[in-house]
Amino acid sequence: MAARDQAQRTRELVAGRLRSGGTDWRGVAIEGLLLLSLLASLAVLVVLLADTVVKALPVLADRPLEFLGSPLSARPERAGIVQAVIGSVTVTLVVVVIALPLGIGAAVYLEEYARDTRWARLIRTNIRNLAGVPAIVYGLLGLAVFSTALGLGSTALVGGLTLATLVLPIVVITTMEALSAVPVAIREAAYGVGATRWETIRSHVLPYAAPGILTGTILSLARAFGETAPLLMVGAIAGTFSFVGAPWDQLVAGYTTLPTIVFHWAGYPQADYRALGAAAIVVLLGVILLANATAIVLRNRYDRRW
Amino acid sequence: MTLDTRPAPMGVDERRDGAGATMRLVTVSPMLDGPERAVNGDAPGLRFAPEEVVFELDRLSCYYGDVRVVRDVSLQVPSRAITAIIGPSGSGKSTLLRSLNRMNDLVDGARITGAIRYHGVDLYADGVDPVEVRRRIGMVFQKPNPFPKSIYDNVAFGPRVAGFRGDMDELVERSLRRAALWDEVKDKLRTPGTALSGGQQQRLCIARAIAVEPDVILMDEPCSALDPIATLRIEELMRELAESYTIVIVTHNMQQAARASDSTAFLTMGEDRAGYLVEMAPTKDLFTRPANRLTEDYITGRFG
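Residues numbered from 1 in each chain as written. Chains lettered and ligands numbered in written order. Predicted model: local features only at pLDDT ≥ 70, side-chain atom pairs only at ≥ 80, totals over all residues.

## Some details on the overall build of chain B
A count of helical and extended segments in chain B gives 11 helices and 10 strands. Expressed as a percentage of the 304 residues in chain B, the buried residues total 49%. Of the contacts made within chain B by residues no fewer than 6 positions apart, 70% connect residues no fewer than 24 positions apart. (Helix = DSSP H or I, 4+ residues; strand = E, 2+ residues; numbered from the N terminus. Buried ≥ 20, exposed ≤ 12 C-beta atoms within 10 Å, placed from the backbone. Contact = placed C-beta atoms within 7 Å.)

This is how it looks when you write it as structure tokens:
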């Protein structure tokens, strides 16, 4: 009898303690604020995209192929972006040829060969700092070194070299991260059966890190593809010209790129040019989004969980 | 034979029975008969006839930077037997093991003083190639670490880098058979090694180690990530491999050392936080009548 009373009292006591204290208004308010900041950032993006697409519609709806296939022109209704597309592709190819082997090689050295000394740490830290240097500084570097000192002038080769130095630190960092994600245990396994350092790297470390390296590489190429300021410094033509050349001709001649053309057209007061600029932005964004999507797909499909 | 080398592995592996293990232990034991037990002085190690010694450690100390983690260990490792290294965490067992095939060369700041002689040759002498050392002194690690490649390629990698020119299919099969894994994987050699169970992965790593025909296999707590049944299979396998190879195993598991090894070295951590050798003896002696109080405390569970 007493035991049952005791159980009853315990039950009431526990029920009292467990009862909810009503709605947690502070929690609701915080959740609301966080949601609001998310919506605000999304809204900016959506408005920007919608505005651009609407402005671009006259050009993209009326003459999409002509726009892509025509050269620049002083007459807005005939102007196109073919030189800019070729120029952008050329510059990006130069970046691929220069920045990828150099960047991946530097990363393999730092991650696999260099001992962990004070100097190695200093270099690693400063590569991270380099990735944060404003793009215009690389433009100045390109102008001083590639255009003037090496005498390469205002060519797509100089544009590509300049952008290659710009993305080099990013390639190094992403490659180093991909390499260091390969567990020490895998390296030890290879060394343990008598592999040399290079055999270990070639047969195991690099192949297992390849998806990560590729992802980082694509993202850095997208960055180079959309870069404007340094190219203005090293002579991408922000004006109208009639010369249309194949990529290899552009290497040694005047060139322009998509973002440069956007910058150029944005400077005109006429509404026609605003439509042209918006259309060029849509093309630019399309390419960059495609590159990023490819990187994400690659990462999701091939990334390894250790 | 007072030691029970395998307590009740019923239904674990029907091809081998307990009697076989006892037989093997008898055949291995003669070389352990009549060792001097050096329990006093600075070198408490077993003495073996020179031709039976694979490793001779002479006042070996191991350092990471300025920190000494192994202090003045002198001992001898006999040929074609299983030598266990036991001791509490931090007693430098793994470091000592990893210095035997120069695996610790890969760790920045790792170095040794004293000498490790392998068949009489100083492993750390100038001109000794660590790659050649590791080809002869293979290693099986704490956590199974198969390459994320096919079972076949896991086994074939070592022979390939060693320039093996013979019949690779045959070598892969032979290695997997000796690692007691062939029957389980013969129909799926192209599937990734990482898709196997933990115990199978560890046997794959053993197959990978023996594919290059090493002289010694070092095992760094090879069963610590495995369940008891997989552990017993690895121990059986070790006993078989000890007929052809010298095995040195680091283990946290005293029962494992007692079951599977021929001689045992007990390390503990000194006041300077460096591991040192307390005593080394034939396993049955060390576990039944330890010469040192520290050993007795450890094996009876009063320490650690």
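## Quick look at the overall build of chain A
Looking only at helices and strands, chain A features 13 helices and zero strands. Listing every helix and strand of chain A by position from the N terminus yields α-α-α-α-α-α-α-α-α-α-α-α-α. Against the globule reference of 19 Å for 306 residues, chain A gives a C-alpha radius of gyration of 28 Å, more extended than a compact globule. For chain A, the spread of C-alpha atoms along the three principal axes comes to 105 × 65 × 30 Å. Considering only residue pairs separated by 6 or more positions, chain A has 77% of its internal contacts joining residues 24 or more positions apart. (Rg over C-alpha atoms; globule rule 2.2 N^0.38 Å.)

## Here we look at the packing of helix 4 (residues 82–113) of chain A against helix 7 (residues 156–180) of chain A
Residue and element names in this part refer to chain A. Their axes nearest at 6 Å, the elements helix 4 and helix 7 cross at an angle of 35°. Here the hand of the crossing between helix 4 and helix 7 comes out right-handed. Considering only residue class, the contact of helix 4 with helix 7 consists of 23 nonpolar, seven polar and two charged. (Axes fitted to C-alpha atoms, helices over the stretch in contact; angles between N-to-C directions. Left-handed = near helix turned anticlockwise from the far one by under 90°. Nonpolar A, V, L, I, M, F, W, Y, C, P; charged D, E, K, R; others polar.)

## Quick notes on the interface of chain B and chain A
On the chain A side, the residues contacting the 20 residues of chain B number 17 residues. For the side of chain B that touches chain A, the elements supplying multiple residues, two or more each, are helix 3 (130–136), strand 6 (137–140), helix 4 (151–161) and helix 7 (198–210) of chain B. Taken together, the residues of the side of chain B that touches chain A break down into 12 nonpolar, three polar and five charged.

## Observations regarding the packing of helix 4 of chain A against helix 12 (residues 258–266) of chain A
Residues and elements named next belong to chain A. Two elements in contact, helix 4 and helix 12, have axes separated by 8 Å at closest approach and are oriented at 140°. In this view, helix 4 runs oblique relative to helix 12, as classed from their interaxial angle. When helix 4 is examined against helix 12, the residues Ala-84, Val-85 and Ser-88 are found in contact with a partner set consisting of Leu-258, Thr-260 and Ile-261. Along the lines of polarity and charge, the residues of the contact of helix 4 with helix 12 split into four nonpolar, two polar and no charged. (Parallel < 35°, antiparallel > 145°, perpendicular 65-115°, else oblique.)

## Digging into the pairing of strand 7 (residues 216–220) of chain B
All names here are of chain B. Counting buried positions along strand 7 gives five out of five residues, so the element sits mostly inside the fold. Burial of the side chains of strand 7 extends over both faces: Val-216, Leu-218 and Asp-220 are buried on one face and Ile-217 and Met-219 on the other. Where strand 6 meets strand 7, four bridges bridge the pair, whose relative direction is parallel. In the strand pairing of strand 7, Ile-137 is matched with Val-216. Pairing between strand 7 and strand 8 (residues 246–250): five bridges, direction parallel. Within strand 8, the residue paired with Met-219 across the bridge is Ile-249. (Pairing = 2+ DSSP bridges.)

## Here we look at helix 1 (residues 2–18) of chain A
Between its terminal C-alpha atoms helix 1 of chain A stretches 24 Å, which fits the 24 Å expected from 17 residues at 1.5 Å a residue. Of all 17 residues in helix 1 of chain A, zero are buried; the element is thus mostly exposed. (Expected span 1.5 Å × (residues − 1).)

## With respect to the environment of Leu-285 of chain A
When you line up the elements, Leu-285 of chain A lands in helix 13 (residues 271–302). When the C-alpha positions of Leu-285 of chain A and Leu-231 of chain A are compared, they lie 18 Å apart, and in sequence the two are 54 residues distant.

## Observations regarding the pairing of strand 2 (residues 67–78) of chain B
All names here are of chain B. Of the strand pairs in this sheet, strand 1 (residues 53–64) and strand 2 are connected by eight bridges, and their pairing is antiparallel. Paired with Tyr-64 across the strands is Val-67, a residue of strand 2. Linking strand 1 back to strand 2 in an antiparallel pair, the connection comprises two residues, with Gly-65 at a positive phi of about 65°.

## Brief notes about the nonpolar core
Among the nonpolar cores identified, the biggest contains 85 residues, and Ile-85, Ala-207, Ile-217, Leu-218, Ile-247 and Val-248 of chain B are the most heavily contacted of them. Ranked by the residues each element gives to this core, the list is headed by helix 7 of chain B, at six residues. The contact partners of Ile-217 of chain B, leaving out residues within four places of it in the chain, are Gly-138, Val-140, Ala-209, Leu-241, Tyr-245 and Ile-247 of chain B. In this structure, Phe-146, Val-205, Ile-213 and Ile-218 of chain A belong to the second largest nonpolar core, which totals 45 residues. (Core = buried A, V, L, I, M, F, W, Y, C linked by C-beta atoms within 7 Å.)

## Re unusual backbone geometry
Residues and elements named next belong to chain B. Positioned with a positive phi, Glu-213 is a non-glycine residue whose angle comes to about 50°. Given 17 C-beta atoms within 10 Å, Glu-213 falls into the partly exposed group. The backbone of Glu-221 shows a phi angle near 45°, a positive value even though the residue is not glycine.

## Some points on helix 8 (residues 184–192) of chain A
Inspection of helix 8 of chain A places Ala-189, Ala-190, Tyr-191 and Gly-192 of chain A among the buried residues, and these make up the whole buried set. Buried residues in helix 8 of chain A make contact with helix 9 (197–226) of chain A together with helix 3, strand 6 and helix 7 of chain B. In the stretch just after helix 8 of chain A, Gly-194 of chain A is the one whose phi turns positive, near 95°.

## A word on the confidence of the model for chain B
Do not read the fine detail of predicted coordinates wherever pLDDT is low. Residues and elements named next belong to chain B. Put simply, chain B has an average pLDDT of 85, and 83% of its residues get 70 or more. Predicted confidence for residues 1–43 stays below pLDDT 50, and this span has 54 contacts to residues more than four positions away or in other chains. In the predicted assembly, ipTM is 0.82 and pTM is 0.80. (pLDDT = per-residue confidence, 0-100.)

## Here we look at the environment of Pro-192 of chain B
Residue and element names in this part refer to chain B. Residue position: Pro-192 is located in the loop between helix 6 (182–185) and helix 7. Note on Pro-192: 15 C-beta atoms within 10 Å, which makes it partly exposed. Along the chain, Pro-192 and Ile-151 lie 41 residues apart, while their C-alpha atoms are 5.7 Å from each other. Pro-192 has contacts with Pro-148, Lys-149 and Ser-150, leaving out every residue within four places of it along the chain.

## Comments concerning the environment of Ile-136 of chain A
Along the chain, Ile-136 of chain A falls in helix 6 (residues 135–149). Once the C-alpha coordinates of Ile-136 of chain A and Leu-166 of chain A are considered, the two residues, 30 residues apart in sequence, prove to be 9.6 Å apart.

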